[in-house]
Amino acid sequence: MSGVMKRMGMIFRAKANKALDRAEDPRETLDYSYQKQLELLQKVRRGVADVATSRKRLELQLNQLQGQSAKLEDQGRKALALGREDLAREALSRRASLQQQVSDLEVQHQTLQGEEEKLTLAAQRLQAKVDAFRTKKETIKATYTAAQAQTRIAESFSGISEEMSDVGLAIQRAEDKTAQLQARAGAIDELLASGALDDQSGLGSKDDIQAELDRLSGGTDVELELARMKAELAGGPSAQQQAIEGGTPGAQQQPQQTQHRFDKQ
Amino acid sequence: MIVRIMGEGQVELGDDHVAELDKLDDELLAEMEGGDGEGFRRTLSALLDKVRELGTPLPDDVLEPSELILPAADATLEEVRRMLSDDGLIPG
């Protein structure tokens with residue numbers, strides 16, 4: 001038969017082993033979980049920055065296209081004043097194509113702006129959650145450390161050993177794990193709810209038939225524009241005798257800008 | 001191995017001392033089961049003295065699982081008997 005100290009040791013161990021896994025420190029688990037949440041937050045913030053950058057780039061392209069469009073309209077007007085209807089037709093045709101690009105870009109711009117707002121909101125809400133988690137984590141860690149210290153003090157007075165306090169730690173660890181899981185689930189819910197995880201690849205795609213229809217409708221617009229300008233010229237004084245070198249075919253052979261799709265980096 | 005004296009703390013003992021302590025420990029158990037209160041107190045005191053003499057105290061900021069556990073110096077036979085009853089040291 002074993003002695004008193006062996007039997008006491010056996011009883012302690014049997015009780016403690018039932019309740020705990022010694023390998024894991026709940027404070028480390030909490031810190032790891034917080035680290036993961038910070039990484040997630042960083043990703044969302046990078047997403048916001050990417051979308052904002054793309055939006056600004058679209059704005060620049062829009063300004064550029066609108067400038068070119070105005071210039072072509074001016075050239076068409078001058079060409080018509082000089083009796084060069086063919087030249088005017090060419091200028092307006094190019095302008096119609098630019099206008100189509102402009103309206104495509106405007107749709108994309110609007111979509112991006114919406115995405116940006118949603119992402120910003122999601123990032124703010126996630127930040128608040130992560131902050132709250134950090135506070136709670138520190139509280140739990142402090143409580144844990146205090147409980148450990150308290151155990152040692154109590155032990156020296158009443159003979160309660162650390163093997164007993166481990167039962168309490170197991171409960172604490174279970175609570176910590178629950179909090180960690182809740183925080184993680186909450187963060188993912190935020191992202192899903194905000195649409196931050198949505199695919200944005202469907203922007204502005206077009207098939208060939210639509211392109212052809214657009215081209216045809218662009219031609220009609222040119223005819224209408226021509227008629228409008230003719231009427232304008234017939235009505236008002238056509239004293240614009242300036243040279244229209246800028247509108248000559250040679251100077252207009254700049255390749256059309258066709259890159260109008262938002263290119264994600 | 002690590003031995004805890006309840007109410008005092010932990011000491012580290014070389015394995016070669018265990019046999020020496022075993023004799024006193026078995027004696028203590030026999031006295032407890034036989035209800036010899038006086039003998040129990042005497043043997044417990046001798047056992048604790050031996051552990052303190054042979055062991056090296058662990059620093060206060062170290063917590064190691066104890067392999068052997070001894071009752072506190074002022075523990076009575078009844079208290080130890082209760083601790084070793086079916087319910088053990090921790091109820092439930």
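Conventions and cut-offs
Residues numbered from 1 in each chain as written. Chains lettered and ligands numbered in written order. Predicted model: local features only at pLDDT ≥ 70, side-chain atom pairs only at ≥ 80, totals over all residues. Heavy atoms only, no water. Helix = DSSP H or I, 4+ residues; strand = E, 2+ residues; numbered from the N terminus. Contact = heavy atoms within 4.5 Å. Areas by Shrake-Rupley, 256 points an atom, 1.4 Å probe, with all protein chains shown as cover. Salt bridge = Lys/Arg side-chain N within 4 Å of Asp/Glu carboxyl O. Buried < 20%, exposed > 50% of the residue type's maximum accessible area, 1.4 Å probe, protein only. Pairing = 2+ DSSP bridges. pLDDT = per-residue confidence, 0-100. Expected span 1.5 Å × (residues − 1). Arc of directions from axis to C-beta.

A. Quick look at the overall build of chain B. When helices and strands are tallied, chain B shows three helices and four strands. Helices and strands appear in chain B in the N-to-C order β-β-α-α-β-β-α. A separation threshold of at least 6 residues defines the contact pool for chain B, and within that pool the share at least 24 residues apart is 68%. Entry remark: accessible area of chain B is about 4,800 Å², with carbon and sulfur atoms responsible for 48%.

B. Focus on the pattern of salt bridges. Applying the stated rule across the entire model yields 21 salt bridges over all chains. Across the salt bridge formed by Arg7(A) and Glu33(B), the nearest N and O atoms sit 3.4 Å from each other. Linking Arg7(A) in helix α1 (residues 4–19) with Glu33(B) in helix α1 (residues 18–34), this pair reaches from one chain into another. The class for Glu33(B) is partly exposed, based on a relative accessible area of 45%.

C. Representation of the pairing of strand β2 (residues 9–12) of chain B within the structure. Residue and element names in this part refer to chain B. Of the pairings in the sheet, the one linking strand β1 (residues 2–5) to β2 comprises four bridges and is antiparallel in character. By the bridge assignment, Arg 4 is partnered in β2 with Gln 10. Between the antiparallel neighbours β1 and β2 lie three residues, among them Gly 7 with a positive phi of about 85°. Bridge count between β2 and strand β3 (residues 56–57): two bridges; the pairing is antiparallel. Note that in β3 the partner of Glu 12 across the bridge is Thr 56.

D. Molecular detail of the confidence of the model for chain A. All names here are of chain A. When pLDDT is averaged across chain A, the result is 71; 54% of the residues are at 70 or more. Helix α2 (residues 26–81) holds the highest mean pLDDT among the elements of chain A, 87, whereas helix α4 (residues 162–194) holds the lowest, 59. Confidence drops under a pLDDT of 50 for residues 197–205, and excluding neighbours within four residues, the segment shows 10 contacts in the predicted structure.

E. A look at helix α2 (residues 37–54) of chain B. Residue and element names in this part refer to chain B. Taking 1.5 Å of rise per residue, the 18 residues of α2 would be expected to cover 26 Å, and the 26 Å separating its terminal C-alpha atoms lies within 8% of that figure. Among all positions in α2, only Gly 39, Phe 40, Thr 43, Leu 44, Leu 47, Leu 48, Val 51 and Leu 54 are buried. Seen end-on, α2 carries its buried residues on one side only, within an arc spanning 155°. When the buried face of α2 is taken as reference, the exposed residues oriented beyond 90 degrees from it are Glu 38, Arg 42 and Glu 53.

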